[in-house]
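Listed below, chain by chain, are the residues.
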Amino acid sequence: MASGDGSPVFEDDGSPPHNLEKMTNCVATWEVALSDGVHKIEFEHGTTTGKRVVYVDGKEEIRKKWMFKLVGKETFYVGTAKTKATINIDAVSGFAYEYTLEINGESLKQYMEKRSKTTNTWVLQLDGEDFRVVLDKNTMDVWCNGKIMKTEGEFVDDGVETHFHFGNHDCYIKAVSSGKPKEGIIHTLIVDNREIPQIS
């Protein structure tokens, strides 16, 4: 994506000048699913100038123009909860670099594996609008499209129901024992008396 000297080559197409510098040396892109949504992280690295630019959801978070040290780390925060993220830049050989993303001090893979055990996610459409519902099993917080929902818990004969609303729609997450120690508690999202399948 970069020309030989690290400077982009553009033809005058009449586009605004502020677009000329954006994403000229993009070397890595990650998608990170957090409770408040899926965030896209993009990283530019000028391997001749050392320039480093980090974008989160298209918004520039970090820009460093001239860095004499081409390897290192860039730390920033993602999402509503300001989750800590770090991009590691390591030399592999010669002028080849490896870029890895850490979330809360863990590799992205480790973080997502751990997160899959502590959250449940459902995606549904209501009244023509897409909704992404996330249950954080550690805190029992319910997130919908990036916002934490006001909930009310209710004990029922076979478990616990956590009630909340999307507009005029009655929703609850039912927590019941699986009866198997390795499976633990099963969480099911019910919207308007209809069970919503969980995404894996």
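**Quick notes on the sheet that holds strand 3 (residues 52–56)**
Within the open sheet, the 4 strands sit side by side as 1-2-3-4. Their pairing is antiparallel. Edge positions in the open sheet fall to strand 1 (26–34) and strand 4 (59–64), since each of these has one partner strand only. When the angles between neighbouring strand axes are averaged without regard to direction, this sheet yields 15°. Pairing geometry for strand 2 (residues 37–45) and strand 3, over 5 bridges, is antiparallel. Bridge assignment links Glu 42 to a residue of strand 3, and that residue is Tyr 55.

**Here's the deal with the pattern of salt bridges**
Think of it this way: side chains of opposite charge can pair up when their charged atoms draw near. A complete count under the given rule lists 10 salt bridges for this structure. A salt bridge links Lys 51 to Glu 44; its shortest N-O distance comes to 3.2 Å. Here Lys 51 falls in the buried class, since its relative accessible area comes to 10%. Glu 161 is the salt-bridge partner of Lys 174, the closest N and O atoms lying 3.8 Å from each other. Taken together, the residues span a long stretch of sequence, with Lys 174 in strand 15 (residues 169–177) and Glu 161 in strand 14 (residues 159–166) at a distance of 13 residues.

**Let's talk about the environment of Ser 178**
Checked against the element boundaries, Ser 178 lands in the loop between strand 15 and strand 16 (185–191). For Ser 178, a relative accessible area of 19% gives the class buried. Other than its neighbours up to four places away in sequence, Ser 178 contacts Glu 183, Gly 184 and Ile 186. A distance of 3.0 Å separates a polar side-chain atom of Ser 178 from the backbone oxygen of Lys 180. Here Gly 184 takes part through its backbone oxygen, which lies 2.7 Å from a polar atom of the side chain of Ser 178.

**A look at unusual backbone geometry**
One non-glycine residue with positive phi stands out, namely Asp 57, at about 55°. Residue Asp 57 is classed as partly exposed on the basis of its relative accessible area of 43%. Of note in this structure, Asn 145 is not a glycine but carries a positive phi near 50°. One can find Asn 145 in the loop between strand 11 (141–144) and strand 12 (147–148).

Reading the values: the criteria
- Throughout, residues of each chain are indexed from 1 in the direction in which the sequence is written.
- Per-residue local features of the predicted model are confined to residues with pLDDT of at least 70, and side-chain atom pairs are confined, for both listing and counting, to 80 or more; whole-chain, interface and lining totals are unaffected and use all residues.
- For side-chain calculations, the full set of non-hydrogen atoms in the structure is used, while hydrogens and water are omitted.
- Note on pairing: two strands pair once DSSP finds at least 2 bridges between them.
- The secondary structure listing takes helices from DSSP runs of H or I that are at least 4 residues long and strands from runs of E that are at least 2 residues long, numbered from the N terminus.
- Angular values range over 0 to 180 degrees, each being the angle between N-to-C directions of two axes fitted as lines to C-alpha atoms, with helices fitted over their stretch in contact.
- Whenever a carboxyl oxygen of Asp or Glu lies within 4 Å of a side-chain nitrogen of Lys or Arg, that contact is scored as a salt bridge.
- Residue exposure (1.4 Å probe, protein chains only): buried if accessible area is under 20% of the type maximum, exposed if over 50%, otherwise partly exposed.
- Contacts are assigned to residue pairs that have any heavy atoms within 4.5 Å of one another.
- Any pair of nitrogen or oxygen atoms within 3.5 Å is treated as a polar contact; in protein, a donor-acceptor pairing is required on top of that, and neighbouring residues in sequence qualify only through side-chain atoms on both sides.

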